[in-house]
Amino acid sequence: MTTPSIIAHRGYSALYRENSPAAWAGAVEANADHIEVDVRITRDGQIVCSHDDDLKRLTGRGDTISGSTDLELAKIEVDGSPAVPSLRLLFQTVPKNQSILLDVKDEQPRSLDILLTALAQEPDRELVLALHAPATVRYVRDAGWSRKILGLVTSADEEAFFNAGGDIVRIWEWDTAEGRIASHVSRGRPVWISTGDGSTGRRTGEYNSEELLRMFREGATGFSVNDPVSARHVFRDAAGE
């Protein structure tokens with residue numbers, strides 16, 4: 001039994017604060033295949049790692065990413081580390097041989113240009129862009145991005161995503177009705193799953209073992225989870241390893 005890729009959702013977020021250096025280091029130690037990190041652009045054009053555009057959920061503060069400078073955000077800490085770490089700190093923390101999945105939250109042309117310029121300075125890293133619109137895929141391909149792209153697109157946009165140059169489609173667990181995964185696999189399209197959320201009744205990144213194995217048997221080759229260690233054990237136990 002070949003095991004699928006395990007994507008550490010916002011790092012090893014089951015044990016550590018999401019998108020934090022500790023979560024990234026924990027994911028590396030856990031041997032996650034990919035570390036998923038959300039990226040945004042500050043007011044002064046710097047790249048930081050944050051799922052939300054504001055700090056309310058993590059710190060109770062009302063500061064926004066897009067309305068703050070890099071230096072202003074650097075002064076805000078949670079448990080001794082930046083609430084919103086910089087892309088520089090991400091690359092300082094994560095070894096070059098570790099794949100990183102960058103969930104791009106701001107797909108305006110200016111922001112994409114800033115991100116692509118920064119990533120061009122890391123030619124030896126395995127970086128995957130996670131994008132939300134076919135037009136964005138076309139934009140970054142036209143700009144010279146040759147590495148992989150994961151599509152965080154709606155089902156209505158999936159054909160346009162692949163036509164624009166996308167490589168892997170993400171499907172939410174709650175949207176995997178019978179035949180949904182197989183419809184892509186039969187056409188040679190890799191499918192990654194975001195576990196939890198929606199009708200599952202679980203938080204994003206939380207999983208049910210039986211559901212993981214069902215989706216894997218149907219052809220999914222990657223799973224985004226909060227706990228990469230326990231998810232890996234699900235597949236190894238099923239394989240008798």
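- The protein chain has the name Glycerophosphodiester phosphodiesterase in an unreviewed UniProt entry, where Pararhizobium polonicum is given as its organism.

Let's talk about the packing of aromatic side chains
Here comes step 1: In the structure shown here, the tally under the stated rule is five aromatic pairs.
Here comes step 2: With a centroid separation of 6.0 Å and 80 degrees between ring planes, the pair formed by tyrosine 12 and tyrosine 16 is classed as edge-to-face.
Here comes step 3: Judged by its relative accessible area of 33%, tyrosine 16 falls in the partly exposed class.
Here comes step 4: Seen from their ring centres, phenylalanine 216 and phenylalanine 235 are 5.3 Å apart, and the 70 degrees between their planes marks the pair as edge-to-face. Residue phenylalanine 216 is located in helix α9 (residues 209–217), and its partner phenylalanine 235 is located in helix α10 (residues 228–238); the two are separated by 19 residues in the primary sequence.
Here comes step 5: Residue classification places phenylalanine 216 among the buried residues on the basis of a relative accessible area of 18%.
Here comes step 6: Joined through ring pairs, the aromatic side chains of Phe216, Phe223 and Phe235 make up one cluster.

Observations concerning helix α1 (residues 21–29)
Here comes step 1: For α1, the complete set of buried residues consists of Pro21, Ala23, Trp24, Gly26 and Ala27.
Here comes step 2: If you follow the buried residues of α1, they end up packed against β1 (5–8), β2 (34–41), β3 (47–49), β5 (81–82) and α4 (87–93).
Here comes step 3: Positive phi appears at asparagine 31, one or two residues downstream of α1, with a value of about 65 degrees.

Rules used in this analysis
Within each chain, residue numbers correspond to sequence positions counted from 1 in written order. Under the rules for a predicted model, residues below a pLDDT of 70 receive no local features and side-chain atom pairs below 80 are neither given nor counted, while totals for whole chains, interfaces and linings still include all residues. To get the side-chain values, all heavy atoms of the structure are used, and hydrogens and water are removed first. Aromatic contacts are taken between Phe, Tyr and Trp rings whose centres are within 6.5 Å, Trp giving its six-membered ring; a plane angle under 30 degrees counts as stacked, one over 60 as edge-to-face, and the others as tilted. Exposure is judged per residue with a 1.4 Å probe applied to protein chains only, and the accessible area is read against the type maximum: over 50% gives exposed, under 20% gives buried, and values in between give partly exposed. Labels follow the DSSP assignment, with helices taken as runs of H or I lasting at least four residues and strands as runs of E lasting at least two, numbered in each case from the N terminus. In this analysis, two residues are considered to be in contact whenever any of their non-hydrogen atoms come within 4.5 Å of each other.

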